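Here's the letter readout for the chains.
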Protein chains: 2
Amino acid sequence: MQDLTLVMAQLDPLVGDIAGNTAAAIEAVREAKLEHDADVVVFSELYLTGYPPEDLLLREAMEPRLAEALTEMAQKIAKFAPQTLVVMGYPGLRDGQRYNLAGVLLGGEWRGEYAKQALPNYQVFDEDRYFEPGTQPLVIEHAGARLGILICEDLWDGAPVRQSAQAGADILVTLNASPFHLDKPAERERLFATRAREVSRPVVYVNAIGGQDELVFDGGSLVLDAQGEVAVRAPFWLAGLMPVRFVAADGDWRPEPGEREALPESEENLYCALVTGLRDYVNKSGFKGVVMGLSGGIDSALSLAIAVDALGADRVHAVMMPYHYTAEISRADAAEQAQLLGVGYEVMPIAPMVEAFAATLADSFSGLGADTTEENLQSRVRGVLLMAISNKKGLMVQTTGNKSEMAVGYATLYGDMVGGYNALKDVYKTWVYRLARWRNTQSAAIPERVITRPPSAELAPDQQDSDSLPGYDVLDAILERYIEGDMSAEAIIAAGYDRDDVYKVVKLVDRNEYKRRQAPVGVRVTLRGFGRDRRYPIVNGWQPGN
Amino acid sequence: MQDLTLVMAQLDPLVGDIAGNTAAAIEAVREAKLEHDADVVVFSELYLTGYPPEDLLLREAMEPRLAEALTEMAQKIAKFAPQTLVVMGYPGLRDGQRYNLAGVLLGGEWRGEYAKQALPNYQVFDEDRYFEPGTQPLVIEHAGARLGILICEDLWDGAPVRQSAQAGADILVTLNASPFHLDKPAERERLFATRAREVSRPVVYVNAIGGQDELVFDGGSLVLDAQGEVAVRAPFWLAGLMPVRFVAADGDWRPEPGEREALPESEENLYCALVTGLRDYVNKSGFKGVVMGLSGGIDSALSLAIAVDALGADRVHAVMMPYHYTAEISRADAAEQAQLLGVGYEVMPIAPMVEAFAATLADSFSGLGADTTEENLQSRVRGVLLMAISNKKGLMVQTTGNKSEMAVGYATLYGDMVGGYNALKDVYKTWVYRLARWRNTQSAAIPERVITRPPSAELAPDQQDSDSLPGYDVLDAILERYIEGDMSAEAIIAAGYDRDDVYKVVKLVDRNEYKRRQAPVGVRVTLRGFGRDRRYPIVNGWQPGN
């Protein structure tokens, strides 16, 4: 009986840091050899540059740096693992065309390169901007097994899978950088099982881990057998090496069942995505920690819990900035949560600044009544305070507005929208509540009253969100149909929603594109985040209707 | 002898406003018929949706709206111009695939559709995200001439031009939405002349006009004869109908020489682009006018001139917001320019707000020395004042930072970067000077001392830009090589620049991506603006070097 040990390197490369990623790859192969006596080590898609490298691909210096990295890998790995086959993802110019490649290294020599055939150019993906599609399969024989190399979208597309099987692959080995969205793990497994059964071959799926700007990669690398059953499932949200042993009888390669991490529940999985996105943004950017406004409301309360889980309480600083409209229970709940989580906490009343602005503007505004200008002013004074603390102490301002608010523009530009990163940017308000409740089942993190009281921006006397917006279950249902579903106003009404609500919401979404364009990045967790996913004009004459 | 009158409809559609664009198109055909007895009227690329419609293309309601527009055009135009051939640009789903189309209407019937073959997916273009490429030529015979229909990139690519000629076209008729960048008009004519000569056919180039978010379309529609000589050149930066008469001898169609607008000088052309971009953003968004900070420096002085030229003095409001570091000549020059141009003008000293913030932050900052935090605070107080005026009076804040500053992050997020639109966003500082001098040759608009004094942000005592940056000639030369040229630091040094300067500048550019990501949009006028043109990661481990 033949056997082969394949190690999936589920790692977190830093975009652009080719030298650092190369060094980490060499160490991973060393560990795979030492710990698992690996015959094969497989990395994720575009591992050497990180994913997505975007326009870094266009830089003159990209090719020489990659060439140097490939040479270094070949020389160093040959010394300690000359019999280990390494499958590595990187981009490259070949005959003047740029490809998304998987290179195969053995015994100090690069033996072949596979060029990704199916290039995604939808949702968050822009691969046609950079790459030409490959046309040929690559099947490499090693330790008696023929490995068919594929990259990410090839597996979703299907045609390259069948091509590889026809070219003689025993095992399909795929390199991936598959961004997370809610419920994607289960969706992936259904699809990969279909592919495995279509060609009666085992499938190896190696995914990246970690956050990169608005994207998070969830790991959960997989091995499925030829019947589509999961043999090995690597942890989600954790970098590491995961071995799988394949055995062959009569040339039929079968993965031995190994560790199978459970598929996480939606709330836990989403929460981990938010923690990972925030943590990696802060750490990879080199911030000492975060500072954030704590209002006594649920968005900032959940954001604080996420920040503490991501960075530790000693790297999180909260500021309560009360004004006349701040309820006593808001002050009490903010203080209680800060103490509960053990974060730094300050109270800075904003009245002196608000009054100074009002006095300076009085002449210019004379004869004009109060409106949202005065509400925005409060919010902007808070923004300026947070940014001053950020500048002085090297802490990134964490923004806390949720997707429902970002959608309808229920947020103040340069006010509560200031900051470097927003963990809740793609989380609807109804999900904010679900996550807050789930988080409290793990350990007390958010005072109960913050979850149960009616939401308010507290920018005017006795203000409640429901004064100017439909209830959040209705709002979110309309938003999901409009944003994720691209449905027309009339189609949403036909699905059972109130005409006035729908037209109001749809107009607000379109009108507030200018605000979102200046918003901080945040973790994308749906199929249509407010980022590279959704590209709308600001100047826009589209009217709601049919 | 045969003849044919073709009218180029160089118009300014509003993105998303299909009903409005359709109505304007019908009126344009009516006028073309009445004024010029047009045999053919040609519109620009994707005229019915405006260009670029971006993800509006993905909306469910797009297809029914387009179908309605095409029906309306057919019915209405048949009544007053049944013999006029109309060539119209629009997108469409055909057999489940979306194409960038040019439809041909005659006598109330759509007679054919051409699908764009060459889809640009680089720089600012994302056409692969939306469209499948066509494969077939379309040649339509009308009034004895065979018109070969092509769309924009087809003409740049060349292969569809040859295909159309082989399919029997006498005249190549191209629909375009060709975004402006500096020196593009001359570049276009060289290329189109080459194409005309390659196939010995006249070329008709119809371009759009007007601003759409960061893009501006400059018009300058053209007709070249089969030898590549320009027969007709429509005005730049002006919407209108431009007729051209073709005559045929022995089946050889020749455009009769007509109006030939001169190719504008660089300064004038660039200035017009900035005026057009700002004007269309403000007007198409429905703002009453603009408000802006006037500092006595050259960026705000040039921005004020642009705003007045775009909107008229009565729609422009300037605010001088002095602090301790504001020089007396800054106050005097700002006041002088406001009076010269006749704009609304207020002075709002910022000391009361700056002092209120400092007092509130004193405890938190105790023991920490002064740094850029205090400079940013001044800038942010100014931003809050401008936004308050904007909110209260319905004026858009015009941002004034130039490309050199945006590149190296010499700007304060939520401070001088607040605003809806930035006319100078893609204009290097050295060009700011050139434009200011050119503008003053037209009429006095900027006090001379503003142009000649050394630039300073005036955020600290005796501060000058040159304290922390290389001189602007050197800075801009390095930036152009790094941003437009994608050159490495070492390659720029090899081209003759100081090592320390180059490394400093290159690091600043990379490190300040986060600021640019939250910056307002502005007019793109180079081949690499800070917008959809340049897609860089914020979290980025790329290091300067080779």
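For chain A, the name recorded in an unreviewed UniProt entry is Glutamine-dependent NAD(+) synthetase, with Salinicola endophyticus as its organism. Within the UniProt record for chain A, the comment given under Function (unreviewed entry) is "Catalyzes the ATP-dependent amidation of deamido-NAD to form NAD. Uses L-glutamine as a nitrogen source." The Catalytic activity (unreviewed entry) comment attached to chain A in UniProt states, word for word, "deamido-NAD(+) + L-glutamine + ATP + H2O = L-glutamate + AMP + diphosphate + NAD(+) + H(+)".

(A) Layout of the overall build of chain A. The helix and strand tally for chain A stands at 17 helices and 21 strands. The globule rule puts the C-alpha radius of gyration for 546 residues at 24 Å, and the 26 Å found for chain A is close to it. When its C-alpha atoms are laid out on the principal axes, chain A stretches across 85 × 50 × 45 Å. Out of the 546 residues in chain A, the part that is buried amounts to 65%. A separation threshold of at least 6 residues defines the contact pool for chain A, and within that pool the share at least 24 residues apart is 73%. Within the structure as shown, chain A displays about 18700 Å² of accessible surface, and the carbon and sulfur contribution to it stands at 48%.

(B) Geometry of helix H4 (residues 159–166) of chain B. Residue and element names in this part refer to chain B. For H4, the full list of buried residues reads Pro160, Val161, Ser164 and Ala165. Seen end-on, H4 carries its buried residues on one side only, within an arc spanning 140 degrees. Where H4 is buried, its residues touch strand E5 (109–115), strand E6 (139–142), strand E7 (145–151), helix H3 (153–157), strand E8 (171–175) and helix H5 (184–199). Note on H4: the residue one or two positions beyond its end, glycine 168, has a positive phi of about 105 degrees.

(C) Spatial organisation of the relation of the copies chain B and chain A. Of the two same-sequence chains, chain B is brought onto chain A (RMSD 0.0 Å, axial shift 0.0 Å) by a rotation of 180 degrees. Here the copies are linked by what is in effect a two-fold axis. Among all C-alpha atoms of chain B, that of Gln518(B) lies closest to the rotation axis, at 2.1 Å. When you check the interface residues of chain B against chain A, 100% turn up at the interface there too, and the contact is symmetric in its surfaces.

(D) Up close: the sheet that holds strand E18 (residues 344–347) of chain A. Residue and element names in this part refer to chain A. If you trace the 6 strands from one edge of the open sheet to the other, you get E18-E17-E16-E19-E20-E21, paired in parallel fashion. The sheet terminates laterally at E18 and strand E21 (521–522), the two strands that pair on one side only. Looking at chain direction, strand E17 (residues 316–320) and E18 are connected through 4 bridges and run parallel. Its bridge partner being in E18, methionine 320 is matched across the sheet by valine 347. Along the sheet, helix H6 (residues 266–285) makes contact with strand E16 (289–293), strand E19 (395–399), strand E20 (421–422) and E21, crossing E19 at roughly 150 degrees.

(E) Just the UniProt feature "binding site: L-glutamine" (unreviewed entry) in chain A, in detail. According to UniProt, the positions carrying the feature "binding site: L-glutamine" (unreviewed entry) are Tyr122(A), Ser178(A) and Lys184(A). Mapped onto the elements, Tyr122(A) comes out in the loop between strand E5 (109–115) and strand E6 (138–142). Residue classification places Tyr122(A) among the partly exposed positions, given a relative accessible area of 35%. Residues within four places of Tyr122(A) in sequence aside, it is in contact with Glu153(A) and Arg129(B). By the element assignment, Lys184(A) lies in helix H5 (residues 184–199). Judged by its relative accessible area of 9%, Lys184(A) is buried.

(F) Up close: the interface of chain B and chain A. Taken together, the contact between chain B and chain A spans 88 residues of the former and 88 residues of the latter. Summed over both partners, the interface of chain B with chain A buries about 7500 Å², with 56% contributed by carbon and sulfur atoms. When the buried surface of chain B facing chain A is broken down by residue, Arg59(B), Lys392(B) and Trp542(B) rank first, second and third, together holding 12% of it. Put simply, chain B and chain A have 10 salt bridges between them. The partner of Lys392(A) in a salt bridge is Asp371(B), with the nearest N and O atoms 3.2 Å apart. Our count for the chain B to chain A interface comes out at 52 residue pairs in polar contact (both at pLDDT 80 or more). At the level of secondary structure, the elements contributing two or more residues to the side of chain B that touches chain A comprise helix H2 (62–80), helix H6 (266–285), helix H9 (351–361), helix H10 (372–393) and helix H17 (513–517) of chain B.

(G) Main features of the pattern of salt bridges. All told, the structure shown has 79 salt bridges over all chains when counted by the stated rule. For the salt bridge of Lys76(B) with Glu72(B), the shortest nitrogen-to-oxygen distance reads 3.0 Å. Taken together, the residues span about one helical turn, with Lys76(B) and Glu72(B) both in helix H2 at a distance of 4 residues. For Lys76(B), a relative accessible area of 40% translates into the label partly exposed. According to the relative accessible area criterion, Glu72(B) is partly exposed, its value standing at 26%. In this structure, the salt-bridge partner of Glu127(B) is Lys116(B), at a minimum N-O distance of 3.0 Å. Of the two residues, Glu127(B) sits in the loop between E5 and E6 while Lys116(B) sits in the loop between E5 and E6, which places them 11 residues apart along the sequence. With relative accessibility at 2%, the residue Glu127(B) sits in the buried group. Relative accessible area serves as the criterion here: at 0%, Lys116(B) is assigned to the buried category. Salt bridges linked by common partners bring Asp12(A), Arg279(A), Asp280(A) and Lys284(A) together as one network.

(H) Representation of the sheet that holds strand E14 (residues 240–249) of chain A. Residues and elements named next belong to chain A. Taken in spatial order, the 7 strands make up an open sheet running E5-E4-E3-E2-E1-E14-E15, and their pairing is mixed. A single partner strand is all that each edge strand has here, and the edge strands are E5 and strand E15 (252–255). Taken pair by pair, the neighbouring strands of this sheet meet at an average axis angle of 30 degrees, ignoring direction. Where strand E2 (residues 40–42) lies against strand E3 (residues 85–94), 3 bridges are found, and the strand directions are parallel. For valine 41, the partnering residue across the bridge sits in E3 and is valine 86. Against the sheet, helix H1 (residues 18–36) engages strand E1 (2–10), E2, E3 and E14, with an angle of about 50 degrees to E14.

(I) Spatial organisation of the pairing of strand E7 (residues 145–151) of chain A. Residue and element names in this part refer to chain A. Burial within E7 is extensive, with 6 of its 7 residues counted as buried. As paired strands, E6 and E7 are joined by 5 bridges and run antiparallel to one another. By the bridge assignment, histidine 142 is partnered in E7 with alanine 145. Counted between consecutive antiparallel strands, the loop separating E6 from E7 contains 2 residues, among which alanine 143 sits at a positive phi close to 50 degrees. As paired strands, E7 and strand E8 (residues 171–175) are joined by 5 bridges and run parallel to one another. Bridge pairing in E8 places leucine 147 opposite isoleucine 171.

(J) Molecular detail of the packing of helix H7 (residues 298–311) of chain A against helix H12 (residues 429–442) of chain A. Residues and elements named next belong to chain A. Contact geometry of H7 with H12 gives a least axis separation of 10 Å together with a crossing angle of 50 degrees. Comparing their axes, H12 and H7 come out oblique. Regarding H7 and H12, the two cross each other, and that crossing is left-handed. Of the residues in H12, those in contact with Ile298, Asp299, Leu302, Ala305 and Asp309 of H7 are Lys429, Val432, Tyr433, Leu435, Ala436 and Arg439.

(K) Up close: the domain arrangement of chain A. Residue and element names in this part refer to chain A. In terms of domain boundaries, chain A breaks down into domain 1 (2–264) and domain 2 (267–465). For domain 1 versus domain 2, the distance between C-alpha centres works out to 40 Å. Counting residues at the interface gives 13 residues for domain 1, matched by 12 residues for domain 2. Surface buried jointly by domain 1 and domain 2 totals about 1100 Å² across both partners, of which 62% is contributed by carbon and sulfur atoms. Remark: the boundary between domain 1 and domain 2 carries 1 salt bridge. Put simply, domain 1 and domain 2 have 5 residue pairs in polar contact (both at pLDDT 80 or more) between them. Partitioned by chemical class, the residues of the side of domain 1 that touches domain 2 number 8 nonpolar, 2 polar and 3 charged.

(L) How the structure looks around the environment of Tyr503(A). All names here are of chain A. Of note, tyrosine 503 is situated in helix H16 (residues 499–511). Spatially, the C-alpha atom of tyrosine 503 lies 21 Å from that of asparagine 402, the residues being 101 residues apart in sequence. Those residues in contact with tyrosine 503 that sit more than four places away from it in its chain are Ala489, Glu490, Ile493, Pro544 and Gly545.

The rules behind each value
Residues numbered from 1 in each chain as written. Chains lettered and ligands numbered in written order. Predicted model: local features only at pLDDT ≥ 70, side-chain atom pairs only at ≥ 80, totals over all residues. Heavy atoms only, no water. UniProt positions renumbered as here; feature names shortened; annotations may be inferred. Helix = DSSP H or I, 4+ residues; strand = E, 2+ residues; numbered from the N terminus. Rg over C-alpha atoms; globule rule 2.2 N^0.38 Å. Buried < 20%, exposed > 50% of the residue type's maximum accessible area, 1.4 Å probe, protein only. Contact = heavy atoms within 4.5 Å. Areas by Shrake-Rupley, 256 points an atom, 1.4 Å probe, with all protein chains shown as cover. Arc of directions from axis to C-beta. Least-squares fit on C-alpha atoms with pLDDT ≥ 70 in both. Pairing = 2+ DSSP bridges. Axes fitted to C-alpha atoms, helices over the stretch in contact; angles between N-to-C directions. Buried area = accessible area lost by both parts, 1.4 Å probe. Salt bridge = Lys/Arg side-chain N within 4 Å of Asp/Glu carboxyl O. Polar contact = N/O pair within 3.5 Å; in protein donor to acceptor, adjacent residues only side chain to side chain. Parallel < 35°, antiparallel > 145°, perpendicular 65-115°, else oblique. Left-handed = near helix turned anticlockwise from the far one by under 90°. Domains from an automatic or database assignment. Nonpolar A, V, L, I, M, F, W, Y, C, P; charged D, E, K, R; others polar.

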